[in-house]
Amino acid sequence: MPKKVSYSAKQEYLFKEKTTAMPEGYYSGDQPNPNLRAFVEQHLLENPYDPKTDDYDIPAFDRPIDTTKATAIYNMHTYWSKKPHDAIRQYIKHYTKPGDLVLDPFCGSGGTALAALIEGRKAIAIDRSPAATFITKNYCTPVDAEELQEAFEELKAKVKPEVDWLYETKCDRCGGKATTGYTVYSQVFQCPRCLRKVPLFDCIEVEGWTQAGKPKKIKACPHCYKKDQEEEIKTTGDKFGAIPVLVSYQCENGCKPKRNERRYNDPDPVKKDYFERYDLAKIKEIEGKTIPHWYPTDRMMHAPEDQECWGVKWRAGTSNFRTVDELFTKRNLWALALIREFALSSHFPNTDMLLGSMKI
Ligand SMILES: C[S@@+](CC[C@H](N)C(=O)[O-])C[C@H]1O[C@@H](n2cnc3c(N)ncnc32)[C@H](O)[C@@H]1O
Ligand SMILES: [Zn+2]
Ligand SMILES: [Zn+2]
């Protein structure tokens, strides 16, 4: 039997009885919402608005907000500059009344829309990024938590053998089974003084100077530094590829603490040896295989094949990824493609919900 979901006192159980359905016209995508006009017109029918009699005059919210990001809902999905919906609820309550319509035209992960819905308001959430509206849609969709947990456990069991293979490594303390938590990659540059190739990870941070003579922290070549020379490694210089430099792993064999790490140039010879024999060897093994699951290879922002530069972030020689899959390491891309494939092929009641909760 799959485990039942347990709720700590801190965690809100939003949809206590029967899971409510989202209203008609609910939409997320990269095109204008075809139902938006009808939604607003319906709202105006129920809440007629006349600017002549509008006497809205709420003073600015001026109280400190005590909040936490440590909630299951907040942690459902990360986002740039994400705000806790619990804090936003206080603004919603202050500035609006139940039944009002709240608009967030830069919704990001949807915290404002969620806060509005929890407080009994209606919400319109807009973002130019379809990823943001996808996350928002799932953030705001009421789900049966037990059903979701069951679907998640089922999916987890299906993908586990392959995911275990992708991330398996060994603990350098007991020699037992371990799982890779994360791998740090570092870009390699060439030192203009000693001409040696240097990963940025190894550079020494020292006080340097800007061209205008102001003090600033710079990254110095570790080889030259040993000879009392502070030679700056500039990240604008030629790049020689990113290499794995650090692995954080979890021992599955009982070591305490469970987590530990090792480096490619670890001063401990055992750690250095394990890094090469297990971490690097696994990456190499994966590199030598073809990902057996479909993943999108679309150009970023669907730019035409003959277009060389596009998007506000494009810089010659720097933001040089071209396709969506280039944003991931091969191992992570493999795992995501695997999870996606199983989620889509299963009989899950709400695949969007599952993919959303799995950060895909
Ligand atoms: C800082 S994030 C918002 C984060 C949000 N408060 C949350 O808690 O997740 C800003 C958002 O504005 C969106 N954005 C930027 N320019 C936009 C535009 N012209 N129209 C719509 N959305 C835009 C970005 O895609 C991004 O998702
Ligand atoms: Zn161990
Ligand atoms: Zn040097």
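Residues numbered from 1 in each chain as written. Chains lettered and ligands numbered in written order. Predicted model: local features only at pLDDT ≥ 70, side-chain atom pairs only at ≥ 80, totals over all residues.

The next thing to look at is the nonpolar core. Residues Ala113, Leu114, Ala116, Leu117 and Ala123 are the most contacted members of the largest nonpolar core, which totals 16 residues. Contributing elements (two or more residues each) for this core: helix H2 (85-95), helix H3 (111-118), strand E2 (122-125) and helix H4 (130-140). Beyond its immediate chain neighbours, meaning those up to four positions away, Ala123 contacts Val102, Ala113, Ala116 and Leu117. Among the nonpolar cores identified, the runner-up in size contains nine residues, and Ala178, Tyr249, Phe275 and Tyr278 belong to it. (Core = buried A, V, L, I, M, F, W, Y, C linked by C-beta atoms within 7 Å. Buried ≥ 20, exposed ≤ 12 C-beta atoms within 10 Å, placed from the backbone. Helix = DSSP H or I, 4+ residues; strand = E, 2+ residues; numbered from the N terminus. Contact = placed C-beta atoms within 7 Å.)

What follows is about the packing of H3 against H4. H4 packs onto H3 with a crossing angle of 25° between their chain directions and a minimal axis gap of 9 Å. On the basis of their axis angle, the class for H3 and H4 is roughly parallel. The way H3 lies across H4 gives a crossing that is right-handed. Contacts from Ala113, Leu114 and Leu117 of H3 reach H4 at Thr136, Tyr139 and Cys140. (Axes fitted to C-alpha atoms, helices over the stretch in contact; angles between N-to-C directions. Parallel < 35°, antiparallel > 145°, perpendicular 65-115°, else oblique. Left-handed = near helix turned anticlockwise from the far one by under 90°.)

The next thing to look at is the confidence of the model for the protein chain. For the protein chain, per-residue confidence averages 87 on the pLDDT scale, and residues scoring 70 or more make up 85% of the total. Within the model, pLDDT remains below 50 along residues 1-17, and this stretch shows 17 contacts once partners closer than five positions in the same chain are excluded. (pLDDT = per-residue confidence, 0-100.)

So, about the environment of Lys170. With respect to the secondary-structure elements, Lys170 resides in strand E3 (residues 168-170). Along the chain, Lys170 and Arg277 lie 107 residues apart, while their C-alpha atoms are 9.2 Å from each other. The residues touching Lys170, leaving out its near neighbours within four places in the chain, are Gly175, Gly176, Lys177, Ala178, Tyr274 and Tyr278.

Tracing the backbone through its elements, the reader meets Thr68 in the loop between helix H1 (36-46) and H2. What makes Thr68 exposed here is the crowd of 10 C-beta atoms within 10 Å. Sequence separation between Thr68 and His85 is 17 residues; the distance between their C-alpha atoms is 9.7 Å.

With that out of the way, let us pick up the packing of H2 against H3. For the pair H2 and H3, the least separation of the axes is 8 Å and the interaxial angle reads 60°. Relative to H3, the element H2 is oriented oblique. Regarding H2 and H3, the two cross each other, and that crossing is right-handed. Between H2 and H3, the residues in contact are His85, Ile88, Arg89 and Ile92 and Gly111, Thr112, Leu114, Ala115, Ala116 and Ile118, respectively. Across the contact of H2 with H3, the residue classes tally to six nonpolar, three polar and one charged. (Nonpolar A, V, L, I, M, F, W, Y, C, P; charged D, E, K, R; others polar.)

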